[in-house]
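# Architecture and fold: a report
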Amino acid sequence: MGETQEPAFRKFVVRTPGKLILTGEHAVVYGKLALAASVDLTTEMYLTLHTDRHGSSSFLVCLEDLKFECSLPLAELQISNAGTAPNLDLELLDKLKSLIASRIPAGTNHTVQMSLLALCFLYCSIVGNSDASFELRVKSTIPIGAGLGSSAAFSVGSSAVFHLLHHHLSSQGVFVPDLDVINSWAFQCEKMFHATPSGIDNAVCTYGGVVKYKKAVIGSVSIPEARILLVNTGVGRQTKLLVEAVRQKRNDFTAIMDPILDSIDQISCKMAEIVQLPPDSNFSAIQELLSTNHWLLASMGVSHPSLDEIHRLARAHGQAGKLTGAGGGGLAYVWLNPNCSDDQVNALQQQLTLSNFTCWPTRLGVKGVQIEELRN
Ligand SMILES: Nc1ncnc2c1ncn2[C@@H]1O[C@H](COP(=O)(O)OP(=O)(O)O)[C@@H](O)[C@H]1O
Ligand SMILES: C[C@@](O)(CCOP(=O)(O)O)CC(=O)O
């Protein structure tokens, strides 16, 4: 009897959804309530773990959306921080920055550098020393840097990938993900991207659903029926800079800014109540709450003419809408009147397209991060 040959590698895919903040962005950074949902856009991370440990170990990274590929020799990544409680070790980041700079072509863009830094940081923190070789291929339908949580999906997915890898390097058993641990490490990674994140993005990407968030997930909300259009302005912006600008404005004008943040908190409280009512009875209130939230964000300095135009078009067509995420460009969303006809939706979509915006429907409250082993 011949022995059954063990495959030389194992393949896994980790799928992480994007997120949509319905109300409360920016205010949530100051401990106010926000309402957010996972959306049916996904970052997929394909992990191939070579089980035959011959030759030198390596880590091949392919970032398809950024059209970037490189190999990081693991021997040089033996900077282990594994076993520590989740934290953002600035000394480790400095060492990794130099290592990455020495391995990639000069002039590689900042986005790629940040993605590699996030991966190396999580590898050293979660896996540490290893003699394994593996490949990681990343591709996503979440627009990058637009307010739908691409960095959070990247952080949560990477955290899950390295916990999975760590498990399979030391054990034969089935991997049972600890979502709280995956989320805590993803939050450290989000700090690297955004400096002072509230944690809402990584929590929604990890756990999925529609959640109330106030310093942590404090409950979930069931929305009987919501028809949502996502609208991309195509205007680039950086979350970190927008969050810093709001912080500066709050420091300079605390007595003016704090009531605005409190009002946004109240909008989220009211929104969390009324979205659960039958769709026919709550739409005019949703319209008012979203518009008020939009203009309060504009008064904080984080809107953009294109976001105001989307809000105007939504209202002119009898719909509700507001900017979402950090603002300054990126995305807005439209909450469609449950009674409007397909013709009315098409008319709005045509108008948005004519104005050079990209729009498409989305589904709220999908599952959070999922891990699957691929056979064959
Ligand atoms: N699919 C991806 N592939 C590689 N890196 C990604 C991907 N998605 C997100 N990132 C990383 O996340 C960063 C985006 O963060 P950010 O500006 O906060 O945008 P968002 O609002 O979409 O979260 C990018 O600079 C990149 O480093
Ligand atoms: C502005 C903020 O509330 C949300 C940022 O979302 P995004 O990075 O634009 O997807 C910041 C945060 O909550 O950490």
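Our subject is the structure that appears above.
Our subject in this report is the structure included herewith. Just so it is clear, the structure is predicted and the values come from calculations on it, not from any experiment.

### So, the pattern of salt bridges
Inspection of every chain in the model, using the stated rule, returns 14 salt bridges. We note a salt bridge from Arg-15 to Glu-372, for which the minimum N-O separation is 2.9 Å. Of this pair, Arg-15 sits in strand 1 (residues 9–23) while Glu-372 sits in strand 12 (residues 370–374); the two residues are 357 residues apart in sequence, bridging distant segments of the chain. The exposure class of Arg-15 is partly exposed, given its relative accessible area of 29%. What emerges from the salt-bridge pattern is a single network uniting Arg-10, Glu-373 and Arg-375.

### Brief notes about helix 4 (residues 179–194)
Over its 16 residues, helix 4 extends 22 Å from the first C-alpha to the last, a length consistent with the 22 Å expected when each residue adds 1.5 Å. Of all the positions in helix 4, only Ile-182, Asn-183, Trp-185, Ala-186, Gln-188, Cys-189, Glu-190, Met-192, Phe-193 and His-194 are classed as buried. Where the residues of helix 4 are buried, they touch helix 1 (90–103), helix 2 (110–127), helix 3 (150–170), helix 5 (200–207) and helix 6 (239–252). Looking at where helix 4 begins, the residue whose side-chain oxygen comes 3.1 Å from the main-chain nitrogen of Asp-180 is Asp-178.

### Focus on the nonpolar core
Counting 112 residues, the largest nonpolar core has Phe-59, Leu-77, Leu-96, Phe-162 and Trp-335 as its most contacted members. If one sorts the elements of this core by residue count, helix 2 sits on top with 13 residues. Domain assignment of the residues forming this core places at least three in each of domain 1 (9–212 + 365–374) and domain 2 (224–362). Here Leu-77 is in contact with Phe-59, Leu-72, Leu-96, Leu-99, Cys-120, Tyr-123 and Cys-124, once residues within four sequence places are set aside.

Cut-offs applied
Residues numbered from 1 in each chain as written. Chains lettered and ligands numbered in written order. Predicted model: local features only at pLDDT ≥ 70, side-chain atom pairs only at ≥ 80, totals over all residues. Heavy atoms only, no water. Salt bridge = Lys/Arg side-chain N within 4 Å of Asp/Glu carboxyl O. Helix = DSSP H or I, 4+ residues; strand = E, 2+ residues; numbered from the N terminus. Buried < 20%, exposed > 50% of the residue type's maximum accessible area, 1.4 Å probe, protein only. Expected span 1.5 Å × (residues − 1). Contact = heavy atoms within 4.5 Å. Polar contact = N/O pair within 3.5 Å; in protein donor to acceptor, adjacent residues only side chain to side chain. Core = buried A, V, L, I, M, F, W, Y, C linked by side-chain atoms within 4.5 Å. Domains from an automatic or database assignment.

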